[in-house]
Each structure stands twice: as C-alpha cells, then as structure tokens.
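Observations on the three-dimensional arrangement
Residues per chain are reported as follows:
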Amino acid sequence: MAALAVLLLAGCTPDSGSTTPDDVTGQGYQSGDGSTTTWAVGDRSGPLELSGTDFAGTAQDVADWRGDVVVLNTWYANCPPCRAEAPDLAALSTDYAADGVRLLGINRTDDAGTAQAFERQFEVPYPSLADTDGAAIAALQGTVPVNAVPTTVVLDRDGLVAGRILGLADPSTLRSMVDELLAETPSS
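How each quantity is defined
Residues numbered from 1 in each chain as written. Predicted model: local features only at pLDDT ≥ 70, side-chain atom pairs only at ≥ 80, totals over all residues. Heavy atoms only, no water. Helix = DSSP H or I, 4+ residues; strand = E, 2+ residues; numbered from the N terminus. Expected span 1.5 Å × (residues − 1). Buried < 20%, exposed > 50% of the residue type's maximum accessible area, 1.4 Å probe, protein only. Arc of directions from axis to C-beta. Contact = heavy atoms within 4.5 Å. pLDDT = per-residue confidence, 0-100. Axes fitted to C-alpha atoms, helices over the stretch in contact; angles between N-to-C directions. Parallel < 35°, antiparallel > 145°, perpendicular 65-115°, else oblique. Left-handed = near helix turned anticlockwise from the far one by under 90°. Nonpolar A, V, L, I, M, F, W, Y, C, P; charged D, E, K, R; others polar.

Attention shifts here to helix 5 (residues 171-183). In this model helix 5 runs 18 Å from its N-terminal to its C-terminal C-alpha over 13 residues, within 8% of the 18 Å that 1.5 Å per residue would give. The complete set of buried residues in helix 5 reads Leu-174, Met-177, Val-178, Leu-181 and Leu-182. Looking down the long axis of helix 5, one finds its buried residues gathered within 135° of arc, a one-sided arrangement. Exposed positions of helix 5 whose direction lies more than 90 degrees from the buried face are Glu-180 and Ala-183. Of the surrounding elements, those touching the buried residues of helix 5 are strand 3 (36-38), strand 6 (69-74), helix 2 (80-96), strand 7 (101-107), strand 9 (151-155) and strand 10 (161-166).

This part is about the confidence of the model for the protein chain. In this model, the protein chain carries a mean pLDDT of 84, and residues with pLDDT of at least 70 account for 81%. Predicted confidence is poor over residues 1-30, with pLDDT under 50, and the contacts of this stretch with residues over four places away or in other chains come to 54 contacts.

Let us now look at the packing of helix 2 against helix 5. Between helix 2 and helix 5, the least distance of the axes is 11 Å, while the angle of their chain directions is 25°. In terms of axis orientation, helix 2 runs roughly parallel to helix 5. Crossing geometry of helix 2 relative to helix 5 is assigned as right-handed. Residues Asp-88, Leu-89, Ala-91, Leu-92, Asp-95 and Tyr-96 of helix 2 pack against Pro-171, Leu-174, Arg-175, Val-178, Asp-179 and Leu-182 of helix 5. Here the contact of helix 2 with helix 5 is built from residues that sort into eight nonpolar, no polar and four charged.

Listed below in structure tokens is the structure:
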C-alpha cells in the first residue's frame, strides 16, 4: 500500500531500463516530484510548434490556438498519477473553456482503444495526440525538458512556454498558473 501511495503522489514514466535514485524500485516508473517551474515573459522560449492527430483522427495544431492559453499534458492510461490528475484536468478544461484556455493531451504509449477508454472513464472533454512516433514529445523536448509522465506544460497566449509541472499537477497550482497567464496581454 505504501508503494501505491508513493506512485499516486508522484509522476511516472515507463522504465527505460536504467536505474537512478529517482526510480521507484521494481515498479517500472520514474517519479516526477511535482516541482513547478515558471518563466518570466522575457525568459520564455518558443513559440512551441506542436501538431499531430488525435485519437479521433482529427488534426490538432497548437499554432491554431495562438491567443489562447494552452495546457499540454503528457499521460498514458496505466500511469497512476495520470489517472489521479485526470478529473482535475477535465474540470479545468470545462471551467476555463469560455475564458480562452485549451487543453491537449499527449500520449505516446497507448493504442486508440486504450486511450479512448481512459478518456471515456474520466470524461475527458479535450483531445489527446496519438504520439506513438514521439514527434510531439520531441517538439516539447526541443523547447522544455519533459522528464516524467505526467508532465504539464503551460503556454502563454503567444505560444511561449510559461510553466511546467513535473509529475502530478496540483490543481490549485495549475489554476494559478492559468489565471496569471489569462491576466497577461499577448504581445502579438
């Protein structure tokens, strides 16, 4: 039970075969610590170029969402912290939809059936990219390190990386990040 509690409170990634002090021994996960990083307007990188096809077969491109705050979340169905944060992300998407906030999941592990079952179970109202080729993760890595799953990356209205949460996203922290970005005036 203690190991399960640790997994629910930390992020995870499929085991890459290496062991480091960050590994949860024998569980096949690398823990994220929930750390949050934010960047001041002048220190932000991007704009992030990220596109792909979601599990419903629809093309998604974050460039189409310039002018909105965008929340990107890496996940996969069997990741305990991903399951723990799914209801909070779904609520964020619903609560902020009219305010110009978009969410996009990125899943490089699951097939369409598994991902769509997760989305139904947690009533996820936003799309997720089917990233089996790793292109979306590579685009993120080129701009901001993604060291755990889940990782949540928040883009400002100009598509610049404004914040990152490694591991399970605390809902109040994520909402505060989004509120601060909504209060900013886009430069373009």
